[in-house]
Amino acid sequence: MEKMNELWGSTASCLSAESPKAAYFRQSKFAMFVHWGLYSQAGGQWNGKTYHGITEWLMCTANISAKDYAELAKEFNPSEFNAADFVATAKAAGMKYIIITAKHHEGFAMFKSADPFNIYDATPFKRDPMAELAEECRKQGLGLGFYYSQFQDWQAYNRWDESLKNADFNDYFQNKCLPQIKELLTNYGKLALIWFDTPGAMTEEQSRKIVELVHEYQPDALVNSRIGNGVGDYSSMNDNEVPAERIPGLWECIRTSNNSWGYSDIDQDFCSGKEILHDLISVTARGGTFMVNVGPDRKGRIPAPCRHALLETGKWMQKYGETVIYGADSSPWNAARQWGDCTRRGNKTYFILNNWTPGGTITDYGFPGKISKIVWLGGNKTVEFKQDDAFLKLTLPFERGEELYEVLEVHCSEPIPELNENILVVTPENPCRLPAEQAVLTGAELKHDFWAERFGEFIYVNIIHNWQPGGKAKWDFELSEPGYYRISIRYQKVDLANRVWKISDESGTVIERWLPDAQQLPPPPLQTEPTARMHTAKAGVIFFRNAGHHTLSLESTRPELGSELQVAELILEHF
Ligand code: JFZ
């Protein structure tokens, strides 16, 4: 297996968010990513064997020589590809631009190129789908961008093919990479963005050389950070990760709609329209831009469940996109709320409800503005609320007006500022999370952990670990109602036996216990299912006598056993 994370490069970027050149990116918020290539023809299968995970890496995972792999081109005939339908689907989903793989790591050009290994010259298809897309994007008013794998090109060199192992990067760079980028920059009209990937060992000079080409031929197009060496305009975050806290500057999140970027015959694990929308709202609330991937099949069609999900997202976006999403500012709060999330526009803040009960209430703390009115947009009615110096409490409608997310429009007489510190609230209204990244740690550390399921499907989680004797994680929070609350702990399973913890509030010890599986833990399998790695265990019940400020502390009581308690969060539920 290629060591993928050595190829990623930094996420540093250099364009200021205030630059006029950034306006299009900041306004758009929602885009379609498309992974399409010869790997779509293979669909994750090679010689009768099925390969899991991200299928655009099949050539590497199945150790296929460049020559054998190139044979795929002879069968590749995506005759059902319909650019008009593609663009119309993206538009109906509420997406503002499309970024498509013009060449992925496999080295095959999905456009007519002087290099003969391309879809126009080497396949029975004999069309240039990039030209068709460019024309349709122009007709239907969407932006277009190309993905180009600038460093990895497995037709030029790769380490599992004897004849290519020691090939010359510079030869590829001068004679294929730069000329193809120039073709893409000059043959398809105006481009909104150019998306590079896995810079690997590219030198700064090489990264700059490419950026200069972009500036020369497409002066308005933005370049993402995966060009490498910090010379991109905006940051592409880790695949499939939505950050937990607000991030300033220009950045995007990207995610798959199932578990692979490229089409896979065995992967029907598509996310729903509501799940896509959830991440779009979260990313907007944290200040970023969001791109969801589509992997067309070997005939060039968008898989039906994927299309269905996009259109569901789109129904909500047609109604709410202009107010809640496009060009909106981040939430006034630094992180998501227990009840949902927010975006801002001038004097208005949009509360987007995720966890709520019809006729119930939601309570929060520290909203930085005096509210004059709250309107439930789905029912076009005002909502009752109470606001004092600390808490804000809303009474929610009895019906649902929307299938996906309800929106409350919160009016103030002045623009709403951003709060920079985290404010945690515990209420009886929802299960309330006290996450790792919001704990104050002494003698323990926060780790941003990630791992790949099968191949390349990354999962991210924030974990408290590396506990020292006396080490502590402490959460400060505002409690809206006194009473009994159940505490659960979500943790990551590791093969060390010390699982003794203590949870206490500001007045003394509350809970001390072993996790149920403390003594006999099997070593974790190398490749696990997403759900097998994280566990939730009930810890016990705590009584809070008063509303207001409280703290909970977590410590390992037997650190001398080599404590590897790996905690993602505490969860409090009214009891
Ligand atoms: C890259 C590609 O290798 C992959 O095939 C796909 O195109 C994806 C969008 O990008 O994979 C990466 C690149 C960067 C990270 C993870 C996977 N990263 O920084 O977390």
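Note that this is a predicted model, so its numbers are computed, not measured.

Definitions and cut-offs
- Residues numbered from 1 in each chain as written.
- Predicted model: local features only at pLDDT ≥ 70, side-chain atom pairs only at ≥ 80, totals over all residues.
- Heavy atoms only, no water.
- Pairing = 2+ DSSP bridges.
- Helix = DSSP H or I, 4+ residues; strand = E, 2+ residues; numbered from the N terminus.
- Contact = heavy atoms within 4.5 Å.
- Axes fitted to C-alpha atoms, helices over the stretch in contact; angles between N-to-C directions.
- Near = heavy atom within 4 Å.
- Polar contact = N/O pair within 3.5 Å; in protein donor to acceptor, adjacent residues only side chain to side chain.
- Areas by Shrake-Rupley, 256 points an atom, 1.4 Å probe, with all protein chains shown as cover.
- Domains from an automatic or database assignment.
- Buried area = accessible area lost by both parts, 1.4 Å probe.
- Salt bridge = Lys/Arg side-chain N within 4 Å of Asp/Glu carboxyl O.

Asker: How do you make sense of the sheet that holds strand S14 (residues 371-376) when you look at a structure like this?
Answerer: Adjacent strands of a sheet form backbone hydrogen bonds with each other and so pair up, either parallel or antiparallel. With antiparallel pairing, the five strands of this open sheet are ordered in space as S11-S12-S18-S14-S15. Two strands lie at the open edges of the sheet, namely strand S11 (340-345) and strand S15 (381-382), each paired on one side alone. Of the strand pairs in this sheet, S11 and strand S12 (residues 348-353) are connected by six bridges, and their pairing is antiparallel. From the neighbouring strand, Asp341 faces S12, where its bridge partner is Ile352. Each of S11 and S12 touches helix H11 (residues 273-286); the most contacted strand, S11, lies at about 50° to it. Across the sheet, helix H12 (residues 304-325) touches S11, S12 and strand S18 (406-412), and the angle it forms with S11 is around 60°.

Asker: Looking at this structure, how should I read the site of the ligand?
Answerer: The ligand sits among 16 residues. The nearest are His35, Glu56, His104, His105 and Asp197. A distance of 2.8 Å is found between an oxygen atom of the ligand and a side-chain nitrogen or oxygen belonging to His104. Take Arg226: an N or O atom from its side chain is 3.1 Å from an oxygen atom of the ligand. When the ligand sits alone it has 440 Å² of accessible area, and the protein chains cover 98% of it.

Asker: Would you take a moment to explain the domain arrangement of the protein chain for this structure?
Answerer: Where interface size is given, it is often the accessible area lost as the parts come together that is meant. Under the domain assignment used here, the protein chain contains domain 1 (4-325), domain 2 (340-421) and domain 3 (432-574). Between domain 2 and domain 3 lies a buried interface of about 300 Å² when both sides are counted; carbon and sulfur atoms form 68% of it. Where domain 2 meets domain 3, there are one salt bridge. Lys393 is the salt-bridge partner of Glu481, the closest N and O atoms lying 3.6 Å from each other. The interface formed by domain 2 and domain 3 holds zero residue pairs in polar contact (both at pLDDT 80 or more) in total.

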